[in-house]
Every structure is written in structure tokens, then in C-alpha cells.
Amino acid sequence: MSSKSRAIVFPLITAMVLLLAWVMAIRLFDVPDYLIPTPQSVLQALKTGYVDGQYWPHFLFTLQCTVLGYVIGCGLALVLGSLLAESKTFEQFVYPYIIALQSTPKVAIAPLILVWFGFGMASKVVMVALISFFPMFINTIVGIRQTSPAMLDLMRVFSASRLHIFFHVKLPAAAGHIFAGLQISVVLSLIGAVVAEFVSSTKGLGFLIQAASINVDLATMFACLLSLVVIGLAGTQLMRVLHQRLVFWDRRDNLTVQGE
Amino acid sequence: MAIALQARDNEHATDASPAPVSTPMVEARDLGVTYRASRGPVAAIERLSMTLGQGEFVSVVGPSGCGKSTLIKVFSGLLAPSCGSVTFRGSAIDGPRPDVGMVFQQATLLPWKTVLANVLVPARALKLDRRKAEHDAEELLRLVGLSNFAKHYPSELSGGMQQRVGIARGLIHDPALLLMDEPFSALDTMTRDHMSLELQRIWMAKRKSALFITHSIPEAVFLSDRVLVMSARPGRIIRELRIELPRPRDLSTLVDPRFTAICSELRQLFEQLVHV
């Protein structure tokens, strides 16, 4: 079997075995539906959710909050990280506070953000932005700072301006780290969205999970969890592909990731 | 067949220059560079004087850690001297200059740019006319034998090829002076010999003033009009040899008795340097 088909078939076999174990366990030990739902009931929940369409507004709400917050958080992190890496003065002014904020568990701030930004979309977007900011921020700084001194000397010998050096050398040199930051921020931003929805929301997959837990509707909870997994996987996969395409010179697969 | 070989002895060479060329293009006088280190200041270079004439190829050899790279950093304007003076065509070097090119120890190519774009890096930094620069870059790639690799990325090139791109890049803005800091030190011996031939060919085509730093005696002798020997730290020029072997020199030069005589003389000098 070719390594490509092995990469597809083998994980599928694992999935089959797990599914079988799931079904068998429920049958054998007679587990009630309010503890572990059957795969059939989860499928049923997914069908009523996505075919009949009840989940779509929730799915899209969570997706929207996540993407918007992610873009804002990562964008700000890129700009502020670049400024901080470039300016010692700026660093001295803000760095201690940024570290303090990084050490604060962002989840603990969620209720505060809800109070400040309301119970609608804004609070979720802020929460996502805040939580996806840090890994991206730290990675941008580390990436820019590790630009090889030889490359910088080279540019200085040829009288390149600071801006020219930044865009032509430092930013591309940091690209590998920046994409590593983008990749972990995907997962963190989903956490941010769900937590904000847990705290208070009338929409979203996080809200659905909470509502279902009150009704002990585990099939719905499982279906929502699966939906979150799909968003997370799609996001990280997208970032991985973009990383390979855009940073083609970076052959290191697993960059040490700084941050959370 | 009698070509005079002159080896000038200059034991206390505070001024190593016999002024062979009318006015030197580059001149260092009583140059001193002191680094601040944790255990107090360290003198990398002390009272160093040397000249480089128009169109002349000069090598500086010396034991490792003698301040050769520091010297080239001063000439490139990356490092300010602590005392003494360095001048370029009579005016003090107080920062990087657009008429100086440099080739580094490692090729230091930007991996996200093609070979052609890498050669164009100085041209873009200096905001030179784009079309002319592109034309020149193609010309230079032909000169270094890499016209077919213009669209390749550095990772697809061997070490020797990368360093040839580095040489082309050092020449793209048509500098009057080319500084080379041990450009072949990262290459294997076979490639080095070949690169020396290449460099001589390129230099003869361009006739730039060139300052070449190396720790390889044969390389220095093969390439240069003059070889300057630096002492161990703090570095000074303690000896100057004029190499009057005819050009173009080729692989047969390497076994020429005059060539080997100079090399062994230099090697003996090195021995003394290390044991003192």
C-alpha cells in the first residue's frame, strides 16, 4: 500500500474500531442515553441540526465571532509585536504590562468583558481577540529578533533603510514563527468564543452545549462538539497549507512555539 | 622566464605601504579598535596601517582571532574605529558607503528570494534604476557562470554556487572597492581551488580594488598583488609581500617553485606567530 493511501486508510480503521467500541460498550454495559449517547442519536442530532437547519445560525455565529476576533487579535499582535521588536523605547514602556496581561488567565476576564461589551457579538469578538493575541504577539517578537545578524549586516553594508530592512528581511525571516503563532491561535480563539458563549449568550455552539446540558441532551452536546472540532481542524489545516505555500523556504516542520 | 619575485621585509611595519600606486584608494593609519568586554576593554586591532591602491588585489592573512574580520568591518563602515583613521579616496569612512561592495563569510543569501532577486538586493536597497540593475544582474550572473540559475532559490544551489551569487551581489552596484571576508572558508578544498580561479577571472574582468581576508596562505598568494600578514591579537600588519607572479594564474601556478617558496616563507612566519 502506498504511504499516501496508508495515511488515509489507517486512521479510518482507528475510527471504525472506536465507533464499534462505542456501540458495543453501550450495548454490553447498558449505558443510559443521558450518560453516553449512541452514535445513531448523535447522527440524528446532526441531521436535525444541519439538514433541517436548526444549528446553522449557531454554527455561523460561533464561526463569525471566531474569525473576526482571530483576525483582529492576530492583526493587532502582528503590528504591536513588530513595533515592540523594533523599538527598545516602546518595549520599555509596555512590556511589563503585556507580560502581566499574558499571565492573567483570559478565561477569568470573560465575565468582565461581557459586562463591558454586552451580551451580543461584540463581547465574543473581544474575548477571541484577547485570547488569540498573545501567542501571535510573542511569536512575532521572537521571529523578528532571531533574524540572522549576518543578514542585517548585509543590508546595512548596502545602506538599506530601516523600513526596507524590516519588510525585505525581518518580516520574511520571522514568517515561520508568525505562522506557528497563527496556527495555535486558531485553537485558542475557538476556546475564547465558546467560553464567552458559556458566560452569557443567546446564540452559538457554546450556548447550544450549555442549553443541552441543562436538558441532559447529550446527543446535541456531542453534535456541537463535533462541529467545533470541524471548525478547529479546518482552521489549523488552512494555516498549515498557507504556511507551506507562503513560507516555502522554511523547511522546519515543528517550530518551537512560544507563548501559551 | 625570469620574473622577479620581491618579498619586502617590513618587520616594524607601522606604515606597511611602499606607496606603489599614485594615491591609495583606501588608507588606514594608526588604526585601533577596542571592544568592551566583561573583563574590561579588549584591543582587537592596534596601530594598524595599510593602503590599498586603485585596481589592486590585496589579501590580509593572519592567525584566527587576530582581528581580520574587525578590520573589514571598519572598512565597510559597519564599525567605527576607536582611534586612528580610515579614509576612502581621501575622505573618512564614517558609515556604509554605496561605492563599497561586500562578500561575506557565509553566502548569506535571502532564502525567500530567487538568485536574480538576491543579486538585486543592494540595487533595491540603494534605489538604483531597476531596469539597468536587472540587466547588470543578468550580466553578472553570466560572469559567475550562473545564468541558468537566475530563477532558482538559494536552497537549490551548492555552497560554491551560493558564494558565486554572493560575489555577483557584491558587484551589482558597480562598487569601486570590493571587500571579501573569508568568502571561501565554508567551502571544501576542491571547490575552494576552483573558486579562486573564478574569482581571479571575475576580478580581471572588472578590475576593482579588492581587499580579501583569508586564513589560507595559498589562496592569498594565488589571488593577490600584495599579501599583508597580521599579528595575533591585537592585530597589526607585521609583514608585506609583493606577489609578482604573472596573471592569469592557473592551477600550474600552485606547483610553481616561486609560488611554493612564498607560501612556505609565510607558513614559517605563521609558525613564529603562533609560538610567540
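Rules used throughout
- Residues numbered from 1 in each chain as written.
- Chains lettered and ligands numbered in written order.
- Predicted model: local features only at pLDDT ≥ 70, side-chain atom pairs only at ≥ 80, totals over all residues.
- Heavy atoms only, no water.
- Helix = DSSP H or I, 4+ residues; strand = E, 2+ residues; numbered from the N terminus.
- Contact = heavy atoms within 4.5 Å.
- Areas by Shrake-Rupley, 256 points an atom, 1.4 Å probe, with all protein chains shown as cover.
- Domains from an automatic or database assignment.
- Buried area = accessible area lost by both parts, 1.4 Å probe.
- Salt bridge = Lys/Arg side-chain N within 4 Å of Asp/Glu carboxyl O.
- Polar contact = N/O pair within 3.5 Å; in protein donor to acceptor, adjacent residues only side chain to side chain.
- Pairing = 2+ DSSP bridges.
- Axes fitted to C-alpha atoms, helices over the stretch in contact; angles between N-to-C directions.
- Buried < 20%, exposed > 50% of the residue type's maximum accessible area, 1.4 Å probe, protein only.
- Arc of directions from axis to C-beta.
- pLDDT = per-residue confidence, 0-100.
- Phe/Tyr/Trp six-rings, centres within 6.5 Å; stacked < 30°, edge-to-face > 60°.
- Lys NZ or Arg CZ within 6 Å of the ring centre and 35° of its normal.

**A closer look at the overall build of chain A**
Item 1. Counting secondary structure elements, chain A contains 10 helices and zero strands.
Item 2. The C-alpha extent of chain A, read off along each of the three principal axes, is 75 × 55 × 30 Å.
Item 3. When contacts within chain A are restricted to residue pairs at least 6 apart in sequence, those whose partners lie at least 24 apart make up 73%.
Item 4. In the structure as shown, chain A presents an accessible area of about 14000 Å², 71% of it carried by carbon and sulfur atoms.

**With respect to the domain arrangement of chain A**
Item 1. Domain parsing of chain A yields domain 1 (1-31) and domain 2 (40-246).
Item 2. Using only C-alpha atoms to locate each centre, domain 1 of chain A and domain 2 of chain A end up separated by 32 Å.

**What about the interface of chain A and chain B?**
Often, the extent of an interface is quoted as the loss of accessible area on bringing the components together.
Item 1. Listed per partner, the contact involves 17 residues of chain A and 25 residues of chain B.
Item 2. Counting the surface lost from both chain A and chain B, the interface buries some 1800 Å², and carbon and sulfur atoms represent 75% of this.
Item 3. If you sort the residues of chain A by the area they bury against chain B, Leu154, Val157 and Phe158 of chain A come out on top, with a joint share of 36%.
Item 4. Taken together, chain A and chain B are joined by one salt bridge.
Item 5. Residues Lys73 of chain B and Asp153 of chain A are paired through a salt bridge, measuring 3.6 Å at the closest nitrogen-oxygen approach.
Item 6. Linking chain A with chain B are one residue pair in polar contact (both at pLDDT 80 or more).
Item 7. Sorting the residues of the side of chain A that touches chain B by element identifies helix H7 (149-157) and helix H8 (162-199) of chain A as the ones contributing at least two each.
Item 8. The greatest single-element share of the side of chain A that touches chain B, amounting to seven residues, is contributed by H7 of chain A.

**Quick look at the sheet that holds strand E2 (residues 40-52) of chain B**
Residues and elements named next belong to chain B.
Item 1. An order of E2-E1-E4-E5 is seen for the four strands of this open sheet, with the pairing classed as antiparallel. Each edge of the open sheet carries a strand with a single partner, namely E2 and strand E5 (91-92).
Item 2. With nine bridges joining them, strand E1 (residues 26-37) and E2 adopt antiparallel strand pairing. In the sheet register, Ala37 faces E2, and the bridge partner there is Gly40.
Item 3. Along the sheet face, helix H1 (residues 68-76) touches E1, E2 and strand E4 (83-88) and points at about 115° away from the line of E1.

**A closer look at the pattern of salt bridges**
Residue and element names in this part refer to chain A.
Item 1. One pass over the full model with this rule turns up 21 salt bridges over all chains.
Item 2. Salt-bridge contacts for Glu86 lead to Lys170; the nearest nitrogen and oxygen are separated by 2.5 Å. Here Glu86 is found in helix H3 (residues 56-86), whereas its partner Lys170 is found in helix H8, with 84 residues between them in sequence.
Item 3. By relative accessible area, which is 19% here, Glu86 ends up buried.
Item 4. Beyond isolated ion pairs, a larger network of salt bridges with shared partners links Glu86, Arg162 and Lys170.

**Some words on helix H9 (residues 205-214) of chain A**
Residues and elements named next belong to chain A.
Item 1. The set of residues buried in H9 consists of Leu205, Gly206, Leu208, Ile209 and Ala212. End-on view of H9: buried residues confined to an arc of 160°, all on one side of the axis.
Item 2. On the buried face of H9, the contacting elements are helix H2 (39-51), H3, H8 and helix H10 (218-246).
Item 3. Positive backbone phi, approximately 50°, marks Val216, located one or two places after H9.

**Examining the confidence of the model for chain B**
All names here are of chain B.
Item 1. Mean pLDDT over chain B works out to 86, with 91% of the residues at or above the 70 mark.
Item 2. When pLDDT is averaged over each helix and strand of chain B, the minimum, 86, is found for helix H6 (residues 189-206) and the maximum, 95, for helix H2 (residues 115-119).
Item 3. Every residue in residues 1-21 scores below 50 in pLDDT, and together they form 39 contacts with partners more than four places removed in sequence or on other chains.
Item 4. Overall fold confidence for the complex sits at a pTM of 0.81, while the interface term, ipTM, reaches 0.78.

**Observations regarding the environment of Val247 of chain A**
Residue and element names in this part refer to chain A.
Item 1. Counting through the fold element by element, Val247 comes out in the segment after H10.
Item 2. On the basis of relative accessibility, which here comes to 2%, the residue Val247 falls in the buried class.
Item 3. Along the backbone, Val247 and Ala175 are 72 residues apart, and their C-alpha atoms lie at a distance of 6.6 Å.
Item 4. Residues within four places of Val247 in sequence aside, it is in contact with Ala175, Gly176, Phe179 and Leu242.

**Things to note about the packing of aromatic side chains**
Item 1. Applying the stated criterion across every chain, the model contains 14 aromatic pairs over all chains.
Item 2. Plain terms: the ring middles of Tyr50 of chain A and Trp56 of chain A are 4.9 Å apart, the flat faces sit at 70° to each other, and that makes the pair edge-to-face.
Item 3. Relative accessible area serves as the criterion here: at 38%, Trp56 of chain A is assigned to the partly exposed category.
Item 4. An aromatic cluster is built from Tyr50, Tyr55, Trp56 and Phe59 of chain A, whose rings are joined through pairwise contacts.
Item 5. The ring of Trp203 of chain B has Arg207 of chain B lying over it, and the distance from NZ or CZ to the ring centre is 4.4 Å.

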